[in-house]
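Spelled out from the first residue to the last, the chains are:
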Amino acid sequence: MQVLKFGGTSVANAENISLVTAIVQQKSVNNKTVVVVSALGGVTDLLLGAAAEAAAGNAVYTEKLTTMEQRHLEAVKKLIPVAQQSQLLSLVKKSCNEIEDICNGIFLLRELTPRSKDRIAAYGEWISSQIIAAKMNADGIAVAWKDSRELIVTNSDFTMAGVDFAATNQRIRDYFNASSDRIFILPGFIASDSQGITTTLGRGGSDYTAAILAAALSAAVLEIWTDVSGMMTADPRLASNARIIPVISYSEAMELSHFGAKVIYPPTIQPVMTQNIPVWIKNTFAPADPGTLIEASNAESQDIVRGISSINNITLISLEGSGMIGIPGFSKRLFESLSNEKINVILITQSSSEHSICVGIETAMATRAKETVDAAFANEIALKKVEPLKVERDLSIVALVGESMKNHTGVSGRMFAALGRNGVNVRAIAQGSSEKNISAVISTADVRKAINVLHEEFFGTTYKQLNLFITGTGNVGAKLIAQLKQQQTYLQEQMKLQVRVIGLSNSRTMLLEEEGIDLNNWKEQLEKGKPADLSHFVEEIVQRNLRNTIFVDITANEKVAAVYDRLLQKSIAVVACNKVAASSAFSNYKKLKDLSREYNSRFLFETNVGAGLPVIATLNDLVQSGDRVHKIQAVLSGTLNFVFNNYDGNRQFSAVVKQAQEEGYTEPDPRLDLGGTDVMRKIMILAREAGQTLEMTDIANHSFMPEACMQGSVEDFYKEMEKAEAHFNKLLKEAQDAGCKLKFVATYDNGKASVGLQHINPEHDLYHLYGKDNVVLFYTDRYKEQPLVIKGAGAGAEVTASGVFADIMRAAG
């Protein structure tokens, strides 16, 4: 004996019912088969919706009933040969007339009772099962139709009736033992009480019907046929990289279904578990797929967690008060008051101080819960021993499920750390002593992000998704995007990182794409984008609430730097090529660093010093490992190094500067480089990262530029440099006469910093520095006499972009 159940999507229309017929025919060749079917997809909602409209006095209920009738008549006409349709069409019409009569009564009374709801809802499965049985008989597959209400006996708790298993099992065995038929069609979901009045087993109860039958008949197998190829590690509508679970235990399946997995109705497992009957979850539309096997044993798996699930529409109610401490009976009275109102408790957590009890319930019951609990504790509330019940809505529960979790330490830590890194605030936590389930209450707005973050954390064969929002698409920005495009395949295949650029913005336009911007033609897309609006761009980043979000700033804009604090407070990492923030007032620098720590969001700015050279990362490693930095000597301007390496007196100094600007080495205003301001910023950033409190005003700038050159426009700047050629030539000659080279050197020495042009002799580490190279010398406790030297290209779009890319990888963790 085997039991097959087909859900609403599997029997939604004539085409799908034909697929079901083929599956049943193939499956029943060698086995006696019981087939349980749901109503046509969406019909139960139509029926209950019509009843609700009728109760509200809204005549549109007739339209819903007409839609429902037409669907069934259409199915009959498509499935049954014309010569055999008459009787079945009459049955459908007669049933629809009965439904309309009931709804008319509800409309007149303006009253919809649970008993009436069950009577109306039952027609969905009753009619669909008659049509499917007729289809199979018409195709030459001999089947017997049986009304489940004659077999399954329940109490009179309408809409969620409890089964009388002793009476039910006896009726089922008596009927099937007496029958010689080999295939049986039964409607799911419906039953009757001891008086023969129609009841239902709860929404999704067709699974339960099949399980009750399977257990009573000691079936060899129960197969649940649906529209997915098994239970999945997460809801695929939320997590695109969710995968099928091949084998799962009864207890794990119950936990997942209780916490929102829609594939199977939660009570289904209990009857088959007691009989140790295996359950298969199969796909009607892909019958060859293996599916998921639910059985007693816990199959070996490399995954600690079996699946992740969620429930929406949760409200937390909290009973708090100093009068609860040490006084027995408060919990009993709370749960008793909820039970009396038939309010189901989904999650419970209580502080060890006994000062509060927190309970998760369905949001639909929140108002009733507050009224009943406040009434139950009215005396204590009046005496201020207990506060009025606190109600917090718009919440959801996410749950990790897996029997293997009890054998592994640190699962909870990993769960909450992953959520914390992505700014998902946990409002309440619950974990059973069996350690099969860890549940967290979070904001509903964070559910999609939380599910994906946890899936990436616990299912290692999938990839981690990074979502980038890049502002600044000039020279460096364009190179970065090209590097991201080049590395996309490598990162996904070798590092399990899926890097998506969700947003792009420059000074003119901005572009946002939820599924990621195509990097093959991003320039064309950006040109057609919306007008640039920084506040709107930032708001989009926050509102989209994507996991592993990184904001990348490749501008020199103060307004862009001013949004870092808001992003960091939303646990959004910031990668800044922009030096404004790190070189701003120390109070702002410290605020951003503190926010980064507080909200566990990375604030990285490696390219602020040395372009792509690992200067700041190395400095951080030294400090974090306990070394102390006493002195830093550095040539930090690729521009100035290029200028002095190429200025030999044969060409004017202004011409060499012009070349540097044309080749992209200088800031947009070259005076920031030549005046030493840019180098001052860089040495200040290094000093701050070494632990020094330093402002720009604390740095001595021994400028070599004549004051006249620093006034007016950039055009005036070049004219004045031409006039001052003798000054520059003199600086060069003095250095050559001393056998030295000119280098613009930044120095930090035990709390003091300065920048200026120096004569560097051939024995010095700074002497052999060519082109646009930078060099940094760290003198520390560990590197006292021989400094730690970092040297390489310190300017250029390609290397700067690579430094930003490296920071993105660091932010990815």
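Scroll up a little and you will see the structure.
Each value, and the rule that gives it
- Residues numbered from 1 in each chain as written.
- Predicted model: local features only at pLDDT ≥ 70, side-chain atom pairs only at ≥ 80, totals over all residues.
- Heavy atoms only, no water.
- Pairing = 2+ DSSP bridges.
- Helix = DSSP H or I, 4+ residues; strand = E, 2+ residues; numbered from the N terminus.
- Contact = heavy atoms within 4.5 Å.
- Axes fitted to C-alpha atoms, helices over the stretch in contact; angles between N-to-C directions.
- 1 Å grid on protein atoms, 1.4 Å probe; cavity = no way out; pocket = protein on both sides within 12 Å on 5 of 7 lines; lining within 4 Å.
- Points joined across faces, edges and corners; volume = space filled by probe spheres on them.
- Nonpolar A, V, L, I, M, F, W, Y, C, P; charged D, E, K, R; others polar.
- Buried < 20%, exposed > 50% of the residue type's maximum accessible area, 1.4 Å probe, protein only.
- Polar contact = N/O pair within 3.5 Å; in protein donor to acceptor, adjacent residues only side chain to side chain.

Draft legend 1. Looking closely at the sheet that holds strand β4 (residues 153-154). Strand order in the open sheet made by the 3 strands is β4-β6-β7, with mixed pairing throughout. The two strands at the open ends of the sheet, each matched to only one other strand, are β4 and β7 (198-200). Alignment of β4 against strand β6 (residues 190-193), held across 2 bridges, turns out to be parallel. For Thr154, the partnering residue across the bridge sits in β6 and is Asp193. Its contacts with the sheet place helix α5 (residues 114-138) against β6 and β7, and it is angled at close to 80° to β7.

Draft legend 2. Broad picture of the layout of surface pockets. The computed volume of the second largest pocket comes to approximately 960 Å³. Every element with two or more residues in the lining of the second largest pocket is listed here: α15 (475-494), α22 (638-646), α24 (671-674), α25 (677-689) and α28 (797-812). Taken together, the residues of the lining of the second largest pocket sort by class into 11 nonpolar, 21 polar and 7 charged.

Draft legend 3. Fine view of the environment of Ala144. Take Ala144: it is sitting in strand β3 (residues 144-145). For Ala144, a relative accessible area of 11% gives the class buried. Separated by 70 residues in sequence, Ala144 and Ala214 place their C-alpha atoms 17 Å apart. Residues contacting Ala144, with those up to four places away along its chain left out, are Tyr175, Asp181, Ile183, Phe184 and Ile185.

Draft legend 4. Here's a closer look at the environment of Gln465. Along the chain, Gln465 falls in strand β18 (residues 464-471). In this structure Gln465 comes out as buried when scored by relative accessible area, which is 6%. Spatially, the C-alpha atoms of Gln465 and Glu798 are 25 Å apart, while their sequence positions differ by 333 residues. Setting aside residues up to four positions removed in sequence, Gln465 forms contacts with Glu456, Gln498, Arg500, Arg547 and Asn548. A distance of 2.7 Å separates the side chain of Gln465 from the side chain of Gln498, its partner in a polar contact.

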